[in-house]
Amino acid sequence: MSVYAVNKLCRRVVHEPELREALARDPDAALRAARPPLAEDEIAALLAGDVGRLSRMGANHFLLHQLGRWEVLGLDLPNYAERIRAAWR
Amino acid sequence: MAETVGGFGVPHNPHFPLWVADGAPAAAEIERLYGGVAAHLRAARPDLLLVFTADHYNMFFETCVPIFAIGVAESAAGASDYPQLPRRVVPIAAGLARHLHAHTVRAGFDVGISQELELDHTVIALLAFLFPDDVPPIVPVFVNGLIPPLPSAQRCLAFGRAIAADGAPAAADRGPRERQLLARDRRAADQRDLAHGVPAPEWVDRVVGLLGAADVDRLVAEATEERLAEAGNAGGELLEWIAMLGTIPPARPAFLDVQPEFGHAYAAWPAP
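This write-up is about the structure you can find in this document. (Residues numbered from 1 in each chain as written. Chains lettered and ligands numbered in written order. Predicted model: local features only at pLDDT ≥ 70, side-chain atom pairs only at ≥ 80, totals over all residues. Heavy atoms only, no water.)

Here we take up the overall build of chain A. Broken down by element type, chain A carries 7 helices and 0 strands. Relative to the compact-globule value of 12 Å for 89 residues, chain A shows a C-alpha radius of gyration of 12 Å, a close match. With the C-alpha coordinates of chain A rotated into their principal frame, the extents come out at 35 × 25 × 20 Å. Burial status across chain A gives 55% buried among its 89 residues. Expressed as a percentage of contacts within chain A between residues at least 6 apart in sequence, the contacts between residues at least 24 apart total 55%. If you sum the accessible surface of chain A, you get close to 4100 Å²; carbon and sulfur atoms cover 50% of it. (Helix = DSSP H or I, 4+ residues; strand = E, 2+ residues; numbered from the N terminus. Rg over C-alpha atoms; globule rule 2.2 N^0.38 Å. Buried < 20%, exposed > 50% of the residue type's maximum accessible area, 1.4 Å probe, protein only. Contact = heavy atoms within 4.5 Å. Areas by Shrake-Rupley, 256 points an atom, 1.4 Å probe, with all protein chains shown as cover.)

In structure tokens:
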């Protein structure tokens, strides 16, 4: 497992509208189709919008914020920020 | 011989050009702050801009993440990451860019190059305010301020000083006035922006205070990797400011203002 897979997914969200659509339509399937593959605990955290946990796992804060920016996986910028802060408080 | 006509620092908030175009409540303040820097910048009459910036995972990611890199293409378009921003093509002073690459490598810095590139919002957003129409050729200088491990503040200052120490011979791109502008984009310490998560307002105050006091050495000493990480998810972008500060003599800025709610600073150090 590498948080690189999470970071790459976040980056793809910025540049691939079809991925954003897939995440809105069927997030579990979209995450399982990601390459490189995501680990089960990464998928669980992503489905929960748990950016705080992903941050603790080593995912990049700036890339995680893109999930909030594009409002996927139940995230938006305010709850992204709240969850990151809470994880590091 | 090139002449450095000043150093300038501004944010690259991708929302600001759109807010101003839409007449958002913050528009007047944004225009005032950029205008304060732009007045000094235009008075300096630069022939070209060295733009110290940090790619936001748009160009450098899968293949390579260089600590320092220079764009050496003839031009670059953008913004690659914010299609909402009006797309524009920016000329690059490719000859000087290649010269600076060779110079800094020979000075002991491991600097990459990008021979085909797109610019992201970190360049395009600020040009919307500083050069909304014609822009002088730029040299994009990338400092990794986002992907750990970050270069040290000391290293970034030394990198800027190495660029300033360049003899800047008769580069093909040099304009007739032989002036060289050292521009810079970025926020001082990135907090509480819409996009960012772990604010440290006291760090913004500290950075702006040190900038105002021309205490670059203290700023560099305090800008540790831990401090930058605590400042927010783009706190490392202060390293771009520090690299820029390496290119000019330490001095109090002629213009300095801050938007504490965003963690953004605006500053101008025109050459005397």
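Residue and element names in this part refer to chain B. With mixed pairing, the 3 strands of this open sheet are ordered in space as β5-β4-β7. Across the chains shown, the open sheet's two edge strands, defined by having one partner strand only, are β5 (88–91) and β7 (118–119). Relative to β7, strand β4 (residues 75–78) runs parallel, the two sharing 2 bridges. Bridging from a neighbouring strand, Gly78 pairs with Leu119 of β7. Sheet strands touched by helix α4 (residues 121–130): β4, β5 and β7. Its angle to β5, the strand with the most contacts, is close to 95°. (Pairing = 2+ DSSP bridges. Axes fitted to C-alpha atoms, helices over the stretch in contact; angles between N-to-C directions.)

Residue and element names in this part refer to chain B. Along β5, the buried face is formed by Arg88 and Val90; none of Val89 and Pro91, which line the opposite face, is buried. Judged from the 4 bridges that link them, β4 and β5 form a sheet pairing that is antiparallel. Bridge pairing links Ala77 to Val89 in β5.

Let's shift gears to the interface of chain B and chain A. Counting from both sides, the interface comprises 21 residues of chain B and, opposite them, 17 residues of chain A. When chain B packs against chain A, the two sides together hide about 1700 Å² of surface, and 58% of this comes from carbon and sulfur. Our enumeration of links across chain B and chain A arrives at 10 residue pairs in polar contact (both at pLDDT 80 or more). Residue classes in the side of chain B that touches chain A are distributed as 12 nonpolar, 7 polar and 2 charged. (Buried area = accessible area lost by both parts, 1.4 Å probe. Polar contact = N/O pair within 3.5 Å; in protein donor to acceptor, adjacent residues only side chain to side chain. Nonpolar A, V, L, I, M, F, W, Y, C, P; charged D, E, K, R; others polar.)

With that settled, consider the side chain of His121(B). Residue and element names in this part refer to chain B. Mapped onto the secondary structure, His121 falls in helix α4. On the accessibility criterion, His121 (3% relative accessible area) is buried. A polar atom in the side chain of His121 sits 2.6 Å from the side chain of Asp81. Ignoring anything within four residues of it in the chain, the contact list for His121 reads His12, Pro14, His56, Ala79, Asp81, Tyr82, Leu85 and Leu126.

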